[in-house]
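# Residue-level structural notes
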Amino acid sequence: MSDIALPPAAAPETKAEPSLHRVMGPWLLLLFIVGDILGTGIYALTGQVAKQVGGVVWLPFLIAFVVAMVTAFSYLELVTKYPKAAGAALYTHKAFGIHFITFIVAFAVMCSGITSASTASRAFAANMSNAFNLGLSGSFGITAIGLGFMALVAVVNLRGVGESVKANVVLTCVELTGLLIIICIGFMAIMAGQGDVSRVLEFKTTGDGGVFWPVIAATTLAFFAMVGFEDSVNMAEECKNPSRIFPKVLLAGLVITGVIYVLVSISAITLVSPEQLGEGETPLLKVVQAGAPNFPLWIFGFITMFAVANSALINMLMASRLVYGMSREHVLPPVLGKVHATRRTPYIAIGFTTLLAFGLISFVGEVPALGGTTALLLLCVFTVVNIAVLVLRKDTVEHDHFRTPTVLPVLGALACAFFAGPWTGRDVVQYEIAGVLIGIGMLLWVVTVMVNRTAGMRPTGPLEEDVVRRGPKN
């Protein structure tokens, strides 16, 4: 990230900010990663993937898992090399040293998190209305509940990462329970001779009989269900010994979620045809109805509600920590890097990201292509991160860190760039939404430069001491 310092003569004496609290061990980090990846994606996208590819609905999830795993190796090298909260933005500036590109990368990641959390809050409100038979009609009631829910998320976030991660443990267990119910129902039905197992090998073809592009188009949707692992690097300053625990924990989290996705997909397509699975917004509920008609369906309403709640909590945790890290590296105004003296949480950053979420919930609402746009933004970021790994090989640090085989970031950059392209069949509206978001980011960048100049700050080159050793001390 850009390192901006006051001129020596003008540097005021400032009181050191308290450090973030290192409360996350390997098990809490594992649940954080699994809970971040699971959520809205698998509960809502299974049917849409089946609609694109047919019976081999598990294949796009598997391909998305492989692409995510390759990119995760790049993140592992960088987070163990530079264990700070800023994530992809820090890696981008360390590699390229261009302040504008650094800001846009950071903004894209932050925006994807806040937008996903805002959408999850509206989904929470809709599921709450159905679960409690509130009968809310129109958008006002849903918006009001969504705003209240987002305020609650902010309160949990303000209480501290310990409380937030403990809440994530509970919500992750609920998410896992729902998906395990689907897996058990599916495999019990298969053992009883119900359903049609042969569907798992049936492809939906194009007009010329091809199967490649339908699988690619479906993978662009399935990839949204695999994102989330990158959020964990923004929690590096709140983890115990991140350079040691991150590699095994992150890879284990990805493998766990990848296996669950494949098993859920097989169960779903065995019991429900691709055509039926692709109708409506509750594909897994149809699986329960087909495989266990006596199962209380209202329970799944609650499970889905808690699943999207976890997505909102995790995304807002990530966004606030990213803003905090950006401020510490002087890409955003320093006020956003303040840490509460008693709670040890970045309270200004939490308030800032919550206000942005309020705006999205109130004025943007639900965007049909939101999931695809989020994946599009992150695929572009992942392309940059994979390239940054190779560029930063020339930069050495004093401590030991993970090193990924060189071929993996090369493959990761090519794969992510490919899946971000229009040739995949991605809806053009996703590029339009992404263009608007990047335009907002450019405007904020201009404002930030003006604020820095007003404060008498000037950019300097990135210093190893600043990037690696500076920041809050324990």
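Think of each chain on its own: its residues are numbered from 1, step by step along the sequence as written. In keeping with the model being predicted, local features are shown solely for residues with a pLDDT of at least 70 and side-chain atom pairs are shown and tallied solely at 80 or more, while totals for entire chains, interfaces and linings include all residues. As a convention, hydrogens and water are excluded, and side-chain values are obtained from all of the structure's heavy atoms.

## Examining the overall build of the protein chain
Elements are defined by DSSP. Helices are runs of H or I of four residues or more, strands are runs of E of two residues or more, and each kind is numbered from the N terminus. A tally of regular secondary structure across the protein chain gives 17 helices and 2 strands. Type-normalised accessible area, obtained with a 1.4 Å probe on protein chains alone, sets the label of each residue: buried when under 20%, exposed when over 50%, and partly exposed for intermediate values. A burial count over the protein chain gives 55% of its 474 residues as buried. For the protein chain, contacts bridging at least 24 residues in sequence account for 83% of all contacts bridging at least 6. Using the Shrake-Rupley algorithm and a 1.4 Å probe, accessible areas are obtained, with residue cover drawn only from the displayed protein chains. Here the protein chain displays about 19200 Å² of accessible surface, and carbon together with sulfur accounts for 68% of that area. Contact definition: two residues touch when any of their heavy atoms are within 4.5 Å.

## As for helix α1 (residues 26-37)
If you check α1, its first and last C-alpha atoms are 17 Å apart, about what 12 residues at 1.5 Å a residue would give, namely 16 Å. Of the residues one or two after α1, Gly 39 is the one with positive phi, at around 135°. By this rule, a helix spans an expected 1.5 Å times one less than how many residues it contains.

## So, the pattern of salt bridges
Opposite charge on two side chains permits them to pair, given that their charged atoms come into close proximity. Any carboxyl oxygen of Asp or Glu that lies within 4 Å of a side-chain nitrogen of Lys or Arg is treated as forming a salt bridge with it. The final tally for this structure, using the stated rule, is 2 salt bridges. The partner of Glu 77 in a salt bridge is Arg 393, with the nearest N and O atoms 2.8 Å apart. On the criterion of sequence distance, the pair formed by Glu 77 in helix α3 (residues 58-81) and Arg 393 in the loop between α14 (370-391) and α15 (407-420) is long-range, its members being 316 residues apart. Judged by relative accessible area, Arg 393 falls into the buried class, the value being 18%. Of the charged contacts in the structure, one is a salt bridge between Asp 395 and Lys 94, with a shortest N-O distance of 3.3 Å. Residue Asp 395 is found in the loop between α14 and α15, and its partner Lys 94 is found in helix α4 (residues 88-96); the two are separated by 301 residues along the sequence.

## Observations regarding helix α8 (residues 212-222)
When you tally the buried positions in α8, you get 9 out of 11 residues, the bulk of the element. Residues of α8 that are buried: Pro 214, Val 215, Ile 216, Ala 217, Ala 218, Thr 219, Thr 220, Leu 221 and Ala 222.

## Let's talk about a nonpolar patch on the surface
On the surface, Phe 96, Ile 98, Ile 101 and Ile 387 cluster together into a nonpolar patch covering about 300 Å² of accessible area. Position of Phe 96 among the secondary structure elements: in helix α4. Nonpolar side chains (Val, Leu, Ile, Met, Phe, Trp, Tyr) within 5 Å and like charges within 9 Å form the patches, drawn only from residues with over 30% relative accessible area and no salt bridge.

## Comments concerning the environment of Pro 247
Looking at where Pro 247 falls in the secondary structure, it is placed in helix α9 (residues 242-271). Sequence separation between Pro 247 and Ala 72 is 175 residues; the distance between their C-alpha atoms is 9.0 Å.

## Structural notes on the packing of aromatic side chains
In summary, the pairing rule links any two rings of Phe, Tyr or Trp, Trp by its six-membered ring, whose centres are within 6.5 Å, and it sorts them by plane angle into stacked for under 30 degrees, edge-to-face for over 60 and tilted for everything else. Taken as a whole and judged by the stated rule, the model has 12 aromatic pairs. Between Phe 73 and Phe 402 the ring centres are 6.0 Å apart and the planes differ by 40°, which places this aromatic pair in the tilted class. Placement of the pair is Phe 73 in helix α3 and Phe 402 in the loop between α14 and α15, with a sequence separation of 329 residues. For Phe 73, a relative accessible area of 18% corresponds to the buried category. A relative accessible area of 22% places Phe 402 in the partly exposed class. By way of ring pairs, the aromatic residues Tyr 75, Tyr 91, Phe 223, Phe 229 and Phe 382 are connected into one cluster.

## Here's the deal with the confidence of the model for the protein chain
Note: predicted coordinates in regions of low pLDDT should not be interpreted at a detailed level. Per residue, pLDDT captures the predictor's confidence, and it can take any value from 0 to 100. When the pLDDT values of the protein chain are averaged, the result is 78; 81% of them are 70 or greater. Across the protein chain, the element-wise mean pLDDT spans from 33 in helix α17 (residues 464-469) up to 95 in α15. A low-confidence stretch, residues 1-15 stays under pLDDT 50, and its non-local contacts, those more than four residues away or across chains, total 40 contacts. Here residues 459-474 is a poorly scored stretch, pLDDT under 50, and it has 42 contacts once near neighbours within four places are set aside; other chains count.

## Let's talk about the environment of Leu 285
Within the secondary structure, Leu 285 is located in helix α11 (residues 283-291). In this structure the C-alpha to C-alpha distance between Leu 285 and Ala 268, which are 17 residues apart in sequence, comes to 9.7 Å. Once residues lying within four places of it in the same chain are set aside, the contact partners of Leu 285 are Leu 297 and Phe 300.

## Points about the nonpolar core
Where a protein is soluble and globular, its nonpolar side chains tend to be buried together. Residues belong to one nonpolar core when they are buried, are Ala, Val, Leu, Ile, Met, Phe, Trp, Tyr or Cys, and are joined through side-chain atoms within 4.5 Å. Among the nonpolar cores identified, the biggest contains 129 residues, and Tyr 75, Phe 223, Phe 229 and Leu 254 are the most heavily contacted of them. It is helix α12 (residues 297-328) that provides the largest number of residues to this core, a total of 15 residues.

## Describing the state of the cysteines
Criterion for a disulfide: a pair of cysteine sulfur atoms at a distance within 2.5 Å. For the structure on display, the rule yields 0 disulfides. Between Cys 380, a free cysteine, and Cys 416, which holds the nearest cysteine sulfur, the sulfur-to-sulfur gap is 9.3 Å. What makes Cys 380 partly exposed here is its relative accessible area of 39%.

## A word on the environment of Pro 334
Within the secondary structure, Pro 334 sits in the loop between α12 and α13 (347-364). Counting along the chain gives 10 residues from Pro 334 to Tyr 324, while the straight-line C-alpha distance between them is 8.8 Å.

## Considerations on the side chain of Arg 426
Here Arg 426 shows up in the loop between α15 and α16 (428-454). Summary of buried charges: Arg 426 has no salt-bridge partner, and the nearest side chain of opposite charge, Asp 427, is 9.5 Å away. In the analysis that follows, any N or O atom pair within 3.5 Å is treated as a polar contact, provided that within protein one partner can donate a hydrogen and the other can accept it, and provided that, for residues neighboring in sequence, both atoms belong to side chains. Here the side chain of Arg 426 touches Phe 419 through a polar contact of 2.7 Å, landing on its backbone oxygen. Leaving out residues up to four positions away in the same chain, Arg 426 has contacts with Thr 220, Gly 372, Leu 376, Leu 379, Phe 419, Ala 420, Gly 421 and Tyr 431. Only four residue types enter the tally: Lys and Arg on the positive side, Asp and Glu on the negative side, with His and both chain ends excluded.

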